[in-house]
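Single-letter residue listing:
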Amino acid sequence: MNMNRVVLNNIVRFILLILVQVFVLNNIRIGGYINPYFYVLFVLLLPFETPGWLLLASSFLLGSSIDLFVHTPGMHAAATVLMAFCRPAIIRLLSGSKGIEQGMKPGIRHMGFRWFLIYSLFLILIHHLLLFYLEVFRFDEFWQTLYRVFLSTLSTLLLVIVAEYLFMRRKDKD
C-alpha cells in the first residue's frame, strides 16, 4: 500500500471517528456512568512508523476537535495527547525482544487478539483516567469517578474490538 493511500485512509478515519463520537456516542449516557469514547481508535490504529511529533500533533488535533464540539476546553486534547505520549512505551513493553517488523500494523490481524486487547486496554485506561479526573477535578468523588473510568473503559474497549473485527472482515473480502 502506498504512502498516499495510508495518509488518505487515516484522514478519512480521523473525520469519521469524530463524526461518530460527536453525533452518536456523545448522546449515549447509560446511567451517567458509561461514556464510550470511540474516537481513541484513531490513535490506537496509527501505523507503528508514525513519527512521534506527528503522533502527538494528530492526537492534539483529534482531542481538540472533540473539545470544540462538546465544549470541554482542553480536556479531551490533554487525555488524547497523554495517550499518544504513552503509546510508544506500551508498544515497546508489549512487543518485548521480538520487536515490530516493518509493515506490521497495531491491529488484531498483525499483532493478534491478546496483544491488541492489552495494548488497547492500557491506552484507553490512561486516556479515561486523565479525562474523567480532569472533568471532576476533585478527589471527594474518587471512587465514583474510578467506577466511571472502569465502566467507560470497558465500553470503549468493547467498541474498539468489535470495530477492529468488522474492519478486519471487510479487508479480508477486498
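See the structure above.
Here's a quick rundown of the structure. (Residues numbered from 1 in each chain as written. Predicted model: local features only at pLDDT ≥ 70, side-chain atom pairs only at ≥ 80, totals over all residues. Heavy atoms only, no water.)

1. Focus on the nonpolar core
One broad trend across soluble globular proteins is that nonpolar side chains are buried collectively.
1) Next: Grouped together as the largest cluster of nonpolar side chains are 43 residues, with contacts concentrated most on Phe116 and Tyr119.
2) Next: If you list the elements that add at least two residues to this core, you get α1 (3-23), α2 (41-45), α3 (52-70), α4 (75-95), α5 (108-111), α6 (113-136) and α7 (142-173).
3) Next: Tallying contributions element by element places α6 first for this core, with eight residues.
4) Next: The contacts of phenylalanine 116, once residues within four sequence positions are left out, are Leu45, Pro106, Gly107, Ile108, Val160, Ile161 and Glu164. (Core = buried A, V, L, I, M, F, W, Y, C linked by side-chain atoms within 4.5 Å. Buried < 20%, exposed > 50% of the residue type's maximum accessible area, 1.4 Å probe, protein only. Helix = DSSP H or I, 4+ residues; strand = E, 2+ residues; numbered from the N terminus. Contact = heavy atoms within 4.5 Å.)

2. Thoughts on the packing of α4 against α6
Working note: a packed helix pair is described by the angle between its axes plus the distance between those axes.
1) Next: One can describe the packing of α4 onto α6 by two numbers: an axis separation of 9 Å at closest approach and a directional angle of 150°. Between α4 and α6, the angle falls in the class roughly antiparallel. For the element pair α4 and α6, the recorded crossing hand is right-handed.
2) Next: Across the contact of α4 with α6, the residue classes tally to 18 nonpolar, four polar and two charged. (Axes fitted to C-alpha atoms, helices over the stretch in contact; angles between N-to-C directions. Parallel < 35°, antiparallel > 145°, perpendicular 65-115°, else oblique. Left-handed = near helix turned anticlockwise from the far one by under 90°. Nonpolar A, V, L, I, M, F, W, Y, C, P; charged D, E, K, R; others polar.)

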